[in-house]
Amino acid sequence: MAVDEQREHKWLGKSVKRKEDERFVRGRGNYLDDIKLPRMLHMSILRSPYAHARILSIDTSRAEALEGVVAVVTGELLAQHNLAWMPTLSGDTQAVLATDKVRMQGQEVACVVAESPYIAHDALELIEVDYEPLQAVTSPQQALEAGAPLIRDDKEGQEDNRVYHWESGDLEATDRAFAEADRVVSLETFYPRCHPAPLECCGCIADVDPATSRATIYMTSQAPHVIRTVFALVAGLPEHNIRIVSPDIGGGFGNKVPVYPGYVVATAASLLIGRPVKWIEDRTGNLISTGFARDFHMKGDLALTSEGKMLGLRVKMLSDQGYAYADAQPSKFKAGLFHLVTGSYDLPAAHIVTDGAYTNKAPGGVAYRCSFRITEASFLIERLVQSAAYEIGMDPVEFRRLNFIKADQFPYESATGFVYDSGDYERALDLALEQIGYAELREEQKRAREEGRLIGIGVASFTEAVGAGPSKDYDILGIKMFDSAELRLHPTGKAILKLGVKSQGQGHETTFAQIVSEELGIPPEDVHVVEGDTDNTPYGLGTYASRSTPTAGGATALIARTLREKAKRIAAHLLEASEEDLDWDGERFAVKGAPDRAKTIQEVIFAAYTDLPEGMDAGLEGVKYYDPPNLTFPFGTYAVVVEIDRGTGQWKPIRVVAVDDCGVRINPMIVEGQIMGGLTEGYAMAAMELITFDEDGNCIGSNFMDYLIPTAWETPHFELHETVTPSPHHPIGAKGVGESATVGSPAAFVNAVVDALAHVGVRNLEMPVTSDKVWEALNEAGLAQ
Amino acid sequence: MLGERGEDAKILSGGQSLIPLLKLRFASPAVVVDINRIAGLDTLAEEDGGLRIGALVRTKTCELSELLRDRYPILSQAAAQISDPIIRNLGTVCGSVAHADPQGDWGSALMAAGAEAVARGPGGERTLPLSDFFQGPFTTTLEPTEVVTEIRVPGPGERSGGAYLKLERRVGDFATAAVGVQVSFEAGKIARAGIGLTGVGATNLRATEAEQALVGAELDEEAIQGAAELAAQAADPQSDTRGSAEYKRHVVRVFTERALRASAGKANG
């Protein structure tokens, strides 16, 4: 399974134009709300205005009386069908519609099904709910205090608001490292709650046909196959009668992995009414109730020798999980892959203590391009490393270099149990420093300070772990995290490739076609890629956590190679030669030493249906389920230069240089698009994105006036560069890349702003680093103008 | 129509305030009176030494206007900083003024420029100076049956300078704080000064004491700092997610200084 390095790449590494863009730029995409079925009804959700309240009564009679209303669904009705609660992807439970209490603002309380979306919406105002407000729990610290209101009183044996306590690493070795340390540097920081905010909100059309008993559910889902299984398990529908179709999806970022109450109620309503039911979530519904991101309170301690060598790392993390533990994360680890917090550094010992707490907020937790909590881990270590460098009087870059895992240490086993596949961190760092002109910038920073200007240079050298996964560690509700590819070669040499993953904008229709092209010599325009329909694609776990190329990409290359083997046998028959005498040149099988005696792949495929060797089955197709032996570990260095306005505290990125190493790049243009998107989101989190709550648990950040995402105006210009260190175990040497920039870049931006103020002792500014926070720091340091 | 239907009728010009209110179900008028096809309301021109801005003049038109760029830079700069291009394409100057959002930029920029609103109702036409037009958040001296048909801005004189500086968290956001400054000079001294503040009070505010302190003075560093301090005192901001009251007041001071400094070069030029 080693990387095929014998031949020069013909189709890998080519920026083939995205096949899917033809329909998107013409406005001919097919998104959920574009789908209209005959006799379709519309559903709207009534949400709780309170963060924590007992439901005394719900009166739906006035809503039911409104002309055009077909049904009003409440938790009580669902409870009769045992559907008032559903399992989360982390094995907890979450309410579909509230029965006893509401536990967050925006929680689903009732649904109206009506002939038009307007009537459904109008009727919501006619539902009367009598609430008894209860004290809201709005922080994990408050949640874990003695006497805090018990949020999950529905759960037997749940006596406090603790969700989990989980430790990782070697406590004894870490204690020893700290005992031997000359110096300990600490940093406490908070990675605030933010939201993936995909352009398209969530939605579904449930069509349970009473005549056939088949449930066809069109759904904005990143993981349609898993959803089908969950529906079979939860609703008790026979799995062969459930068909989940994910049409074109307008962004997911992890937000569209979980099962949301709207999907379940629409399906139940369609089952009960016998007509298709459409639910389209509005922006506020999306921002306040669906999978959020982050909300980790973190503290890191670094044990160092007097020379600056890292001896050990201690981390404590407290997570705000919302009212349900609903992280859509597939590992057996309680805090996802947060224990990758040792990052790019050769840390002999590490110990991590994590606690999760229930609060009166939306559940979710891992969404937003975060690689199952590596975003938080990477942020903490990259911020901590910079602080430590200042404290010991070293340049942050030299401190990183001193402590990097070296190129010859791979495969490298980390103190918390990961085996990093490959890397060359110093090469990526050096390229970033060279491109940004680091040495000159440090000089310029000095001169600027003398002139009264504040310039900061921030660096982050991240390591990612993506591509879940090896099934020994990763599963969703027991389902192993393999992925699949089914390849059919048709008589005229054209291919259909069906995958278990599902693009939400990542360009799968092009990238995966290129893998087939590379392996079989069929040009990408002759490969049609199908995803997102459970009736018509092999079982897979979906697209999130940068896993599609590491898993389904591997499956695609391997099934193509299997078909090539059969094609070779057919070619031998056609050329009247033995298989051993044939060479594959990327497009043709030719007889060794007689290159004129050759058959193109298209000729061979035609023969698979017309002229087969004796005893061989016709056709050329197959399915591969690929369980990768390990995660892949992309890495890189981001370097950012900022200048601060001393009058207002505003800061502005002047340059952003990104060096990414994601192994072999299949389509460099698509990879760069992923990186630019991720850098934009990284900047967004560093600068403005925030969902916060007042003391009553009211969500602030429930629309795009309060929840700020950057426009083209603020988004910095990005300078992209690359190094290539192939993954040794992936069939084409590729690593995942979808989340690298979101994971790695927030720390680079924050590090840059802090660096501008480091000379006056500033060590931390909390995200989002808004101008008022910077002004306060300037003011304290006497630098404000 | 407004007289007959009262609160049940709303005027639609650019729709950038009304449509969000409808979408959020904060307003549900039975009648929307679309004035977009009334001829003659889109004048943006100088007449009798002053500027006329008709009820259908879009913010985008002001942003692109060479007349405003050359003669009324405060208005040109304000226009370019209002919300985002899509909203500027539709939103109107008069609609923004009549809506009277304390976070609106047009009110304070126009107030600094000494503008007045022309209102027309069943009783005829009257002129309302903007300096006492804003009564509270979304409240003006306009009668329920009156419509703003035009804004008039006095000519800036031969030597004048102006600027509109806005701090926003992101393009499209309302101002954390913004300051509009307009000064006219005669014989090297300040003949008229206007300072309008955005986002730091229950209405667009006019920093009257700061204006008065400037009139008759030379625009030197002492005058600038003194006026900036008075403008900061005139601000009455609230702490919120955009920043503390103290921070916003500070930004008013810094922006007043910067806007005045930018205008100082025009005294003799």
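Residues numbered from 1 in each chain as written. Chains lettered and ligands numbered in written order. Predicted model: local features only at pLDDT ≥ 70, side-chain atom pairs only at ≥ 80, totals over all residues. Heavy atoms only, no water.

1. Some thoughts on the overall build of chain A
Counting its secondary structure elements, chain A contains 19 helices and 34 strands. Computed over C-alpha atoms, the radius of gyration of chain A comes to 27 Å, within 12% of the 28 Å expected from 2.2 N^0.38 for 785 residues, which places it in the range of a compact globule. Each of the three principal axes of chain A carries a C-alpha extent, and together these read 85 × 75 × 50 Å. Buried residues in chain A amount to 65% of all 785 residues. Taking contacts inside chain A between residues at least 6 apart in sequence as the whole, the part at least 24 apart equals 80%. (Helix = DSSP H or I, 4+ residues; strand = E, 2+ residues; numbered from the N terminus. Rg over C-alpha atoms; globule rule 2.2 N^0.38 Å. Buried < 20%, exposed > 50% of the residue type's maximum accessible area, 1.4 Å probe, protein only. Contact = heavy atoms within 4.5 Å.)

2. A closer look at the overall build of chain B
A tally of helices and strands in chain B yields 11 helices and 13 strands. For a compact globule of 269 residues, the expected C-alpha radius of gyration is about 18 Å, and chain B comes in at 18 Å, within 12% of that figure. Overall, the C-alpha framework of chain B stretches about 55 × 45 × 30 Å when taken along its three principal axes. Expressed as a percentage of its 269 residues, the buried residues of chain B come to 52%. The long-range share in chain B, meaning contacts at least 24 apart out of those at least 6 apart in sequence, stands at 60%. Of the roughly 11,700 Å² of accessible surface on chain B, a fraction of 49% belongs to carbon and sulfur atoms. Distance between charge centres in chain B, computed from 28 positive and 35 negative side chains, equals 5 Å. (Areas by Shrake-Rupley, 256 points an atom, 1.4 Å probe, with all protein chains shown as cover. Lys, Arg positive; Asp, Glu negative; His and termini not counted. Charge placed at Lys NZ, Arg CZ, Asp CG, Glu CD.)

3. Things to note about the interface of chain B and chain A
Every contact between the two is made by 19 residues of chain B and, on the other side, 25 residues of chain A. Interface area lost by chain B to chain A is led by B:Arg25, B:Arg170 and B:Tyr247, which between them contribute 38%. Scanning the region where chain B abuts chain A turns up 3 salt bridges. For the pair chain B and chain A, the number of links is 10 residue pairs in polar contact (both at pLDDT 80 or more). Per-element tally for the side of chain B that touches chain A: the top contributor is helix 11 (residues 245-264) of chain B, with 7 residues. (Buried area = accessible area lost by both parts, 1.4 Å probe. Salt bridge = Lys/Arg side-chain N within 4 Å of Asp/Glu carboxyl O. Polar contact = N/O pair within 3.5 Å; in protein donor to acceptor, adjacent residues only side chain to side chain.)

4. Points about the sheet that holds strand 12 (residues 189-198) of chain B
Residues and elements named next belong to chain B. Strand order in the open sheet formed by 4 strands is 10-11-12-13, and the pairing between neighbours is antiparallel. The open sheet has two edge strands, strand 10 (159-167) and strand 13 (205-206), and neither has a second partner. Of the strand pairs in this sheet, strand 12 and strand 13 are connected by 2 bridges, and their pairing is antiparallel. The residue of strand 13 that forms the bridge with Gly196 is Arg206. Those strands touched by helix 8 (residues 105-112) are strand 10, strand 11 (177-186), strand 12 and strand 13, and its axis lies near 165° from that of strand 12. (Pairing = 2+ DSSP bridges. Axes fitted to C-alpha atoms, helices over the stretch in contact; angles between N-to-C directions.)

5. Description of the pairing of strand 7 (residues 108-114) of chain A
Residues and elements named next belong to chain A. Of all 7 residues making up strand 7, 7 are buried, and the element is well covered by its neighbours. Where strand 1 (residues 41-47) lies against strand 7, 6 bridges are found, and the strand directions are antiparallel. Residue pairing across strands places Leu46 opposite Ala110, the latter belonging to strand 7. Sheet topology note: the strand 3 (residues 69-74)/strand 7 ladder contains 5 bridges and is antiparallel. Opposite Val73, over in strand 7, you have Cys111 as the bridge partner.

6. Focus: the domain arrangement of chain B
How big an interface is tends to be stated in terms of the accessible area lost upon association of its parts. Residues and elements named next belong to chain B. Taken domain by domain, chain B comprises domain 1 (38-154) and domain 2 (159-263). A C-alpha centroid distance of 20 Å is found between domain 1 and domain 2. Taken residue by residue, the interface counts 25 residues in domain 1 and 28 residues in domain 2. Interface area for domain 1 against domain 2, summed over the two sides, is near 2,000 Å², with a carbon-plus-sulfur share of 51%. At the junction of domain 1 with domain 2, the criterion picks out 1 salt bridge. For Asp105, the salt bridge goes to Lys166, with nearest N and O atoms at 2.9 Å. In this assembly, domain 1 and domain 2 are joined by 13 residue pairs in polar contact (both at pLDDT 80 or more). Breaking the side of domain 1 that touches domain 2 down by element, the ones donating at least two residues are helix 5 (73-81), helix 8 and strand 7 (134-136). (Domains from an automatic or database assignment.)

7. Thoughts on empty space enclosed by the protein
Residue and element names in this part refer to chain A. Using the criterion set out here, one finds 5 cavities of 30 Å³ or more in the structure. What the second largest cavity holds in volume is close to 60 Å³. What lines the second largest cavity is simply Met86, Pro87, Thr88, Leu89, Gln94, Pro258, Val259 and Ala326. Of the residues assigned to the lining of the second largest cavity, the class counts are 6 nonpolar, 2 polar and no charged. (1 Å grid on protein atoms, 1.4 Å probe; cavity = no way out; pocket = protein on both sides within 12 Å on 5 of 7 lines; lining within 4 Å. Points joined across faces, edges and corners; volume = space filled by probe spheres on them. Nonpolar A, V, L, I, M, F, W, Y, C, P; charged D, E, K, R; others polar.)

8. A look at the sheet that holds strand 23 (residues 483-489) of chain A
In sheet architecture, strand pairing relies on hydrogen bonds along the backbone and comes in two forms, parallel and antiparallel. Residues and elements named next belong to chain A. With mixed pairing, 4 strands are arranged side by side in an open sheet as 25-24-23-29. At either margin of the open sheet sits one strand with a lone partner, and together these are strand 25 (527-530) and strand 29 (621-626). Neighbouring strand axes in the sheet, compared pairwise and without regard to direction, differ in orientation by 15° on average. Its contacts with the sheet place helix 14 (residues 508-520) against strand 23, strand 24 (495-499) and strand 25, and it is angled at close to 135° to strand 25.

9. Some points on the domain arrangement of chain A
All names here are of chain A. Each assigned domain of chain A is listed here: domain 1 (21-26 + 482-626), domain 2 (32-134 + 202-280) and domain 3 (296-362 + 375-408 + 421-468 + 630-780). On the side of domain 2, 23 residues touch domain 1, which itself brings 21 residues to the contact. Buried surface at the junction of domain 1 and domain 2, both sides included, amounts to about 1,500 Å², of which 48% is carbon and sulfur. It is Gln504, Thr534 and Tyr539 in domain 1 that bury the most area against domain 2; as a group they hold 41% of the surface buried on that side. Summed over the shared surface of domain 1 and domain 2, the number is 4 salt bridges. When the shortest N-O distance is used, the salt bridge between Asp248 and Arg23 registers 2.8 Å. Here domain 1 is connected to domain 2 by 14 residue pairs in polar contact (both at pLDDT 80 or more). Here the side of domain 1 that touches domain 2 is built from residues that sort into 5 nonpolar, 11 polar and 5 charged.

10. Observations regarding the state of the cysteines
For the coordinates displayed, the defined rule picks out 0 disulfides over all chains. Looking at the unpaired A:Cys204, the closest cysteine sulfur is the one in A:Cys202, lying at 9.7 Å. The class of A:Cys204 is buried, set by a relative accessible area of 0%. Not engaged in a disulfide, the cysteine B:Cys62 finds its nearest cysteine sulfur in B:Cys94; these two sulfurs lie 9.1 Å apart. (Disulfide = S-S within 2.5 Å.)

11. Some remarks on the side chain of A:Glu108
Residue and element names in this part refer to chain A. With respect to the secondary-structure elements, Glu108 resides in strand 7. For Glu108, a relative accessible area of 4% corresponds to the buried category. Looking at Glu108, its side chain comes within polar contact range of the side chain of Arg47, at 3.3 Å. Once you skip the residues sitting within four places of it in the chain, Glu108 turns out to touch Ile45, Leu46, Arg47, Val96, Leu97, Ala98, Pro261 and Ser289.

12. Some details on the packing of helix 10 (residues 374-391) of chain A against helix 11 (residues 396-403) of chain A
Residue and element names in this part refer to chain A. Running from N to C, helix 10 and helix 11 point in directions that differ by 110°, and their axes come no closer than 8 Å. It follows that helix 10 is roughly perpendicular to helix 11 by the angle criterion. For the element pair helix 10 and helix 11, the recorded crossing hand is right-handed. Taken together, the residues of helix 11 that come into contact with helix 10 (itself represented by Glu382, Val385, Ala388, Ala389 and Tyr390) are Pro396, Phe399 and Arg400. Among the residues making up the contact of helix 10 with helix 11, the classes are represented as 6 nonpolar, no polar and 2 charged. (Parallel < 35°, antiparallel > 145°, perpendicular 65-115°, else oblique. Left-handed = near helix turned anticlockwise from the far one by under 90°.)

13. Quick word on the packing of aromatic side chains
All names here are of chain A. One pass over the structure, following the stated rule, counts 24 aromatic pairs over all chains. Measuring from centroid to centroid gives 5.7 Å for Tyr263 and Trp279, while their planes differ by 75°, and the two rings are edge-to-face. On the criterion of sequence distance, the pair formed by Tyr263 in helix 8 (residues 261-273) and Trp279 in strand 14 (residues 277-280) is long-range, its members being 16 residues apart. Accessibility assignment for this pair places Tyr263 and Trp279 in one class, buried. Seen in terms of ring centroids, Phe404 and Tyr425 are 5.8 Å apart; in terms of plane orientation they differ by 65°. Their pairing is edge-to-face. Separated by 21 residues along the polypeptide, Phe404 in the loop between helix 11 and strand 18 (412-413) and Tyr425 in helix 12 (residues 425-436) bring together distant segments of the chain. (Phe/Tyr/Trp six-rings, centres within 6.5 Å; stacked < 30°, edge-to-face > 60°.)

14. Considering the side chain of A:Glu464
Residues and elements named next belong to chain A. Here Glu464 lies in the loop between strand 20 (454-463) and strand 21 (475-476). This buried residue, Glu464, is left without a salt bridge; Arg369 holds the nearest opposite charge, at 8.6 Å. Of note is the side chain of Glu464, whose polar atom sits 2.8 Å from the side chain of Ser371.

15. Regarding unusual backbone geometry
Residue and element names in this part refer to chain A. A cis geometry characterises the amide bond from Ala468 onward to Gly469, with omega recorded as -20°. With respect to the element layout, Gly469 can be found in the loop between strand 20 and strand 21. Met767 connects to Pro768 through a cis peptide bond whose omega is -15°. Tracing the sequence through the fold places Pro768 in the loop between helix 18 (740-757) and helix 19 (771-780). For Arg39, which is not a glycine, the phi torsion comes out positive at approximately 65°. Counting through the fold element by element, Arg39 comes out in the loop between helix 1 (21-25) and strand 1. Even without a glycine there, the phi angle at Ala197 is positive, about 45°. In this fold, Ala197 is placed in the loop between strand 10 (183-191) and strand 11 (203-208). Given the relative accessible area of 9%, Ala197 is considered buried.

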